[in-house]
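Chain by chain, the residues:
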Amino acid sequence: MFEYLDKISLLINKMAADQKDKLVSAAKIVADVIKNDGIIHTIGTGHSQMIGMEMFGRASNLANVNAIMDDMVLMANGARRSAEIEQISGLAEILWKKYQFNKGDVLIVVSNSGRNTLPLEMAMKAKQQGLNTIAITSMEQSKKYPSRHSSGKKLFQIADLVIDNCVPTGDGVMSINDLLIGPASSVLGMIIVNIISTEAIKINLEQGVDVSIFQSQNIDGADNEALYQKYESRVKHL
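Parameters and conventions
- Residues numbered from 1 in each chain as written.
- Predicted model: local features only at pLDDT ≥ 70, side-chain atom pairs only at ≥ 80, totals over all residues.
- Heavy atoms only, no water.
- Axes fitted to C-alpha atoms, helices over the stretch in contact; angles between N-to-C directions.
- Helix = DSSP H or I, 4+ residues; strand = E, 2+ residues; numbered from the N terminus.
- Parallel < 35°, antiparallel > 145°, perpendicular 65-115°, else oblique.
- Left-handed = near helix turned anticlockwise from the far one by under 90°.
- Contact = heavy atoms within 4.5 Å.
- Nonpolar A, V, L, I, M, F, W, Y, C, P; charged D, E, K, R; others polar.
- Phe/Tyr/Trp six-rings, centres within 6.5 Å; stacked < 30°, edge-to-face > 60°.
- Buried < 20%, exposed > 50% of the residue type's maximum accessible area, 1.4 Å probe, protein only.
- Pairing = 2+ DSSP bridges.
- Right-handed = clockwise from strand over helix to strand, strands pointing away.
- Expected span 1.5 Å × (residues − 1).
- 1 Å grid on protein atoms, 1.4 Å probe; cavity = no way out; pocket = protein on both sides within 12 Å on 5 of 7 lines; lining within 4 Å.
- Points joined across faces, edges and corners; volume = space filled by probe spheres on them.

1. Considering the packing of helix 2 (residues 20–35) against helix 8 (residues 185–206)
At their nearest, the axes of helix 2 and helix 8 sit 8 Å apart, and the two run at 55° to each other. Overall, the two elements helix 2 and helix 8 adopt an arrangement that is oblique. As helix 2 runs across helix 8, the sense of the crossing is right-handed. Only I192, I195, I196, E199, A200, I203 and N204 of helix 8 make contact with helix 2, whose side of the interface consists of L23, A26, A27, K28, V30, A31, I34 and K35. By residue class, the composition of the contact of helix 2 with helix 8 is 11 nonpolar, 1 polar and 3 charged.

This is the structure:
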């Protein structure tokens, strides 16, 4: 009925088939973090911020998620400003000190291009500190253009586990009059993180492990206060 819906549905199915083993591995990593009372940290820049934020404070999703949403990088302070700031080397070190990270936690880094400085240096820092790292990126896009980081590396060359969102170069799934339209990376990224979280939840519940899950505050009788109190010392933006 709609071309975009057809194209995005095909892409979702391709990603799920091609990345099945990677998604299962990611779910197992996150399941272990949940089981061991760790924190799932997420970071994205540009529109990838939305993918990291999708897991945070989310009804029907995990409570032990810390989204890195510092004012320095949020697009709310200006789209061009945000794009320029993510190229600054050393910013990851500053951000790292503003959040609480522990061994046994995991960092999910979302970057469609996989070439910009901040996501790369956050992944590098996490690995130095003994955290598992999961990357969500477009392998087609990432392999086509050079890194913007001094190391010359891309995100897929740094992270422990790499999930390809299968999004084509330029992020569009449609072409009209030589114009690429129909962005896909946000849709695919949100599906990926929700697959990871729901499968991780299932793994733990099947093993009899308690899982902290937020319930919608728009359902009468739902109360998340105990979860806020449990995690507010480790999850900055609660």
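We are not done yet, so read on.
2. Some details on the packing of aromatic side chains
Taken as a whole and judged by the stated rule, the model has 2 aromatic pairs. Seen from their ring centres, W96 and F101 are 3.7 Å apart, and the 10° between their planes marks the pair as stacked. A relative accessible area of 9% means that W96 is categorised as buried. Residue classification places F101 among the buried positions, given a relative accessible area of 13%.

3. Some details on the pairing of strand 1 (residues 40–44)
Along strand 1, 5 of the 5 residues are buried, which leaves the element largely enclosed by surrounding structure. Judged from the 3 bridges that link them, strand 1 and strand 2 (residues 65–67) form a sheet pairing that is parallel. Each residue of the ladder has a partner; that of H41, found in strand 2, is N66. The β-α-β motif built from strand 1, the intervening helix 3 (residues 49–54) and the parallel element strand 2 has right-handed crossover chirality.

4. Here's the deal with the side chain of T169
Checked against the element boundaries, T169 lands in the loop between strand 5 (161–164) and strand 6 (172–176). Non-local contacts of T169, meaning those with residues more than four positions away in its chain, are made with E140, Q141, K144, Y145 and L180.

5. Looking at helix 6 (residues 117–128)
An ideal rise of 1.5 Å per residue puts 16 Å on 12 residues; helix 6 measures up with 16 Å between its terminal C-alpha atoms. With 9 of 12 residues buried, helix 6 is to be regarded as a mostly interior element. Within helix 6, the full set of buried residues consists of T117, L118, P119, L120, E121, M122, A123, K125 and A126. The positive-phi residue at the C-terminal boundary of helix 6 is G130, with phi of around 85°.

6. Remarks on empty space enclosed by the protein
Left-over empty space is what a probe sized like a water molecule reveals as it rolls over the atoms. Applying the stated criterion across every chain, the model contains 1 cavity of 30 Å³ or more. One number sums up the size of the largest cavity: a volume of about 50 Å³. Contributions of two or more residues to the lining of the largest cavity are made by strand 1 and helix 3. Residues that form the lining of the largest cavity fall into these classes: 6 nonpolar, 4 polar and no charged.

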